[in-house]
Amino acid sequence: MTAIPVEDLTARVAAILRGAGMNDTQSDALARIIVAGERDGCKSHGIYRIEGVLRTLRAGQVNGLAEPRLLPDDGKAIIRVNAARGFSTPAFELGLPHLVARARDLGLAAMVVNDCTHFSALWPEVEAVTDHGLAALVMCPSYASVAPAGGTSALLGTNPLAFGWPRPSGHPYVFDFATSVAARGEIELLRRAGKPLPEGWAIGPDGAPTTDPEAGLAGAMLPFGGHKGSAIGTMIELLAGIMIGDLTSPEVLKELGTTTLAPFHGELVIAMSPEAFAAGRPGDPSARAELLFGAITGQGARLPSARRFAARAASEAEGIHLTEAETALLDKMARLGLDAVD
Ligand code: NDP
Ligand code: PYC
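The paragraphs below set out a description of the structure included in this document. (Residues numbered from 1 in each chain as written. Chains lettered and ligands numbered in written order. Predicted model: local features only at pLDDT ≥ 70, side-chain atom pairs only at ≥ 80, totals over all residues. Heavy atoms only, no water.)

**Some thoughts on the site of ligand 1**
Taken together, 21 residues sit near ligand 1, with Ser120, Asp176, Ala178, Ser305 and Arg307 positioned nearest. Here Arg307 contributes a side-chain N or O atom positioned 2.8 Å from an oxygen atom of ligand 1. When isolated, ligand 1 has an accessible area of 920 Å², and the protein chains bury 76% of it. Every element with two or more residues in the shell around ligand 1 is listed here: β7 (173-177) and α12 (306-318). When its residues are assigned to classes, the shell around ligand 1 shows 11 nonpolar, 6 polar and 4 charged. (Near = heavy atom within 4 Å. Polar contact = N/O pair within 3.5 Å; in protein donor to acceptor, adjacent residues only side chain to side chain. Areas by Shrake-Rupley, 256 points an atom, 1.4 Å probe, with all protein chains shown as cover. Helix = DSSP H or I, 4+ residues; strand = E, 2+ residues; numbered from the N terminus. Nonpolar A, V, L, I, M, F, W, Y, C, P; charged D, E, K, R; others polar.)

**Looking at the packing of helix α4 (residues 88-106) against helix α5 (residues 123-130)**
Between α4 and α5, the least distance of the axes is 11 Å, while the angle of their chain directions is 15°. Looking at the two axes, α4 sits roughly parallel to α5. Along this stretch, α4 crosses α5, giving a crossing that reads as right-handed. Facing α4, whose interface residues are Thr89, Phe92, Leu96 and Leu99, α5 presents Glu125, Ala128 and Val129. Split into classes, the residues belonging to the contact of α4 with α5 amount to 5 nonpolar, 1 polar and 1 charged. (Axes fitted to C-alpha atoms, helices over the stretch in contact; angles between N-to-C directions. Parallel < 35°, antiparallel > 145°, perpendicular 65-115°, else oblique. Left-handed = near helix turned anticlockwise from the far one by under 90°. Contact = heavy atoms within 4.5 Å.)

**Some thoughts on unusual backbone geometry**
Positioned with a positive phi, Ala84 is a non-glycine residue whose angle comes to about 55°. Mapping Ala84 onto the fold places it in the loop between β3 (78-82) and α4. Of the residues examined, Ala84 reaches a relative accessible area of 25% and is grouped as partly exposed. Despite not being glycine, Arg85 has its phi angle at roughly 65°, a positive value. Mapped onto the elements of the fold, Arg85 is located in the loop between β3 and α4. Overall, Arg85 belongs to the partly exposed group, its relative accessible area being 40%. (Buried < 20%, exposed > 50% of the residue type's maximum accessible area, 1.4 Å probe, protein only.)

**Overview of the nonpolar core**
Ranked by size, the top nonpolar core spans 29 residues in total, and within it Leu9, Val13, Ile50 and Val53 carry the most contacts. Put simply, the parts of the chain that give this core at least two residues each are α1 (6-19), α2 (24-39), α3 (49-58), β12 (320-322) and α13 (324-336). Element by element, the count of residues in this core is highest for α1, at 6 residues. Those residues in contact with Ile50, other than ones at most four positions away along the chain, are Val13, Ile16, Leu17, Ile34, Leu330 and Met333. With 27 residues, the next largest nonpolar core counts Ala83, Ala121, Trp123 and Ala162 among its residues. (Core = buried A, V, L, I, M, F, W, Y, C linked by side-chain atoms within 4.5 Å.)

**Regarding the packing of aromatic side chains**
Within this structure, the stated rule accounts for 6 aromatic pairs. A ring pair is formed by Phe87 and Phe119, whose centres lie 5.7 Å apart and whose planes are at 90°; its orientation type is edge-to-face. A residue pair is termed long-range when its members are at least 10 positions apart, and Phe87 in the loop between β3 and α4 and Phe119 in the loop between β4 (108-117) and α5 qualify at 32 residues. Phe87 sits in the buried class, given a relative accessible area of 1%. (Phe/Tyr/Trp six-rings, centres within 6.5 Å; stacked < 30°, edge-to-face > 60°.)

**Comments concerning the pairing of strand β5 (residues 135-139)**
For β5, a buried count of 4 out of 5 residues is recorded, marking the element as mostly surrounded by other parts of the structure. Where β5 lies against strand β6 (residues 161-165), 4 bridges are found, and the strand directions are antiparallel. If you follow Met139 over to β6, its bridge partner there is Leu161. (Pairing = 2+ DSSP bridges.)

Shown next as structure tokens:
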């Protein structure tokens, strides 16, 4: 293993992406979000995603030179950003200050990102909103890869849902998960490691349960919590697909024709001011939330993201540990650019 300082890995990933033909807007934002995944111990959305980015660029399915555009503002609660067929992250970063200002003014605001390619974890965006003292909900579809509860084939996406609540000190309360039993990236990592899937993660193309990653990837993943995860995944298709005038997961798969490239769709970010919602009611929302968190940890339970924050602290202190194979792959991608992938 080699330990690389977070900033050095970020610079290295940005250089790979620029070498593959991306502009600074796209490469810098992507390097930050990919390295955030690796830094926080979320391998399913860390540096292994760079190959997918290169494949998607090489296939001409994303514009590596895109400059996202803020759409005309009508002063209402919805901030709109068009990613111009680039990646979602630069579009989010462009819209964030406007979303924060509007949520402060109105108590509640939403950012709609349209026409973006999206492959990343959502918590960096949730944390970017909670940093401003606002609560956040972020969601997006992906591509058809999850069977609805009781169904037999891929229809919904792995549709992540993330939530954050700002805290007066320390890290915010954040959860961020796929609405499938696990992120698809986890299955891909198990496939590469030659390991079986846990029971209950997937069905094969024949609709029968499987623990074979290849069969699970060819068939369908299962929603978490049966009909409950299925309904939440469907809600995300409705709110972050249909409601924002963008593609649903089955439509993404139909257009893209493969799950080996990063999907193209939209994203919904909702920012809320706890003080504005609680105005006129007894009790300070922040203090009351702290009591709730204390009661959870007081039972010996951990808060979501505690593992991730600990991984972040370790990465910041010691650097990010990469295997020889990972370092060799970074070298190869730096050397060969788009030719590093099929
Ligand atoms: P996990 O199941 O690994 O984690 C889900 C959440 O639960 C995390 O916040 C995690 O915190 C928390 N958690 C886990 N175990 C416990 C516990 N014992 N007690 C309390 N909290 C716990 O996430 P997924 O595999 O479902 O998703 C991983 C990532 O993949 C997400 O960041 C998601 O955004 C991303 N993703 C992105 C997609 C896209 O289309 N862009 C699609 C699907 C997923 P902690 O991290 O600290 O363990
Ligand atoms: O891990 O499920 C996943 C995923 C799909 C798109 C980006 N990540």
